[in-house]
Amino acid sequence: FIFFIFVIEKSLSDEIFDAGKKIFLEQGNCATCHTLSDVGSQANIGPNLDEISPDLSRVKIAVTLGMGVMPAYDGILTSDEIHSVSYYVSESIKK
C-alpha cells in the first residue's frame, strides 16, 4: 500500500516537473533571462538559478510578484502554472 502511494506521488511529481519545465521554456520565457543548467540556458539578465538555488517558496514569490526587472506573472500564469514552474526550478537545481 505504501509503495502504491509512493508511485502515485512520484508520478504526480514528474507531471508537475515536466509541466514546469515547459512553462520555463515557453509561456514564462524564463530561459531568456535566467541560467539553468537543466535546460541549458545561459542568460545573465536575471540571477543564475543554479548558483542561488532558490527553494520552492522563494521561486513562487518571485514568479507571482516579480522582482527587480522581472515582471509579475500573477494574472499571466495560473496559480497551478506558477506552482509548476516554481516546483520545476526548485527541484531541477537539486539534480
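Residues numbered from 1 in each chain as written. Predicted model: local features only at pLDDT ≥ 70, side-chain atom pairs only at ≥ 80, totals over all residues. Heavy atoms only, no water.

S.K.: Quick question: what am I supposed to make of the environment of Val 39 here?
M.R.: Summarising the element assignment, Val 39 is placed in the loop between β1 (35–36) and β2 (41–42). With relative accessibility at 22%, the residue Val 39 sits in the partly exposed group. Those residues in contact with Val 39, other than ones at most four positions away along the chain, are Lys 21, Phe 24, Leu 25 and Tyr 88. (Helix = DSSP H or I, 4+ residues; strand = E, 2+ residues; numbered from the N terminus. Buried < 20%, exposed > 50% of the residue type's maximum accessible area, 1.4 Å probe, protein only. Contact = heavy atoms within 4.5 Å.)

S.K.: Hey, could you run me through the side chain of Ser 90 in this one?
M.R.: Relative to the elements of secondary structure, Ser 90 occurs in helix α4 (residues 79–92). For Ser 90, a relative accessible area of 4% corresponds to the buried category. Looking at Ser 90, its side chain comes within polar contact range of the main-chain oxygen of Tyr 87, at 3.1 Å. Apart from residues lying up to four places away in sequence, Ser 90 is in contact with Pro 54, Asp 55 and Leu 56. (Polar contact = N/O pair within 3.5 Å; in protein donor to acceptor, adjacent residues only side chain to side chain.)

S.K.: I tried to follow α4 on my own but got confused; where do I start?
M.R.: Turn by turn, an α-helix covers 3.6 residues, leaving residues three or four places apart pointing in a common direction. Between the first and last C-alpha of α4 there are 20 Å, a value that for 14 residues agrees with the 20 Å anticipated at 1.5 Å per step. Of all the residues in α4, the buried ones are Ile 82, Ser 84, Val 85, Ser 86, Tyr 87, Tyr 88, Val 89, Ser 90 and Ser 92. (Expected span 1.5 Å × (residues − 1).)

S.K.: I'm lost on helix α3 (residues 56–65) in this one. Help?
M.R.: Buried residues of α3: Val 59, Ala 62 and Val 63, and no others. Buried positions in α3, seen along its axis, are confined to an arc of 95° and lie on one side of it. Structurally, α3 contributes buried residues whose contacts are with α4. Directly beyond the C-terminal end of α3, a positive phi value near 80° is found at Gly 66. (Arc of directions from axis to C-beta.)

S.K.: Mind showing me how you'd approach the nonpolar core here?
M.R.: Grouped burial of nonpolar side chains is what soluble globular proteins tend to show. Residues Phe 24, Leu 36, Val 63, Leu 77, Val 85, Tyr 88 and Val 89 are the most contacted members of the largest nonpolar core, which totals 16 residues. Where this core is concerned, the elements lending two or more residues are α1 (2–25), α3 and α4. In terms of residue count, the dominant contributor to this core is α4 (five residues). Excluding its chain neighbours within four sequence positions, the residues that come into contact with Leu 77 are Ile 23, Gln 27, Val 63 and Ile 82. (Core = buried A, V, L, I, M, F, W, Y, C linked by side-chain atoms within 4.5 Å.)

S.K.: Hey, could you run me through the packing of α3 against α4 in this one?
M.R.: Helix packing geometry: the angle between the two helix axes and the distance between the axes. Close contact between α3 and α4 brings their axes to 8 Å; oriented N to C, the two are set at 135°. In terms of axis orientation, α3 runs oblique to α4. Like other packed secondary-structure pairs, α3 and α4 cross with a definite hand, here right-handed. Only Ile 82, His 83, Val 85, Ser 86, Tyr 87, Val 89 and Ser 90 of α4 make contact with α3, whose side of the interface consists of Leu 56, Val 59, Lys 60, Val 63 and Thr 64. (Axes fitted to C-alpha atoms, helices over the stretch in contact; angles between N-to-C directions. Parallel < 35°, antiparallel > 145°, perpendicular 65-115°, else oblique. Left-handed = near helix turned anticlockwise from the far one by under 90°.)

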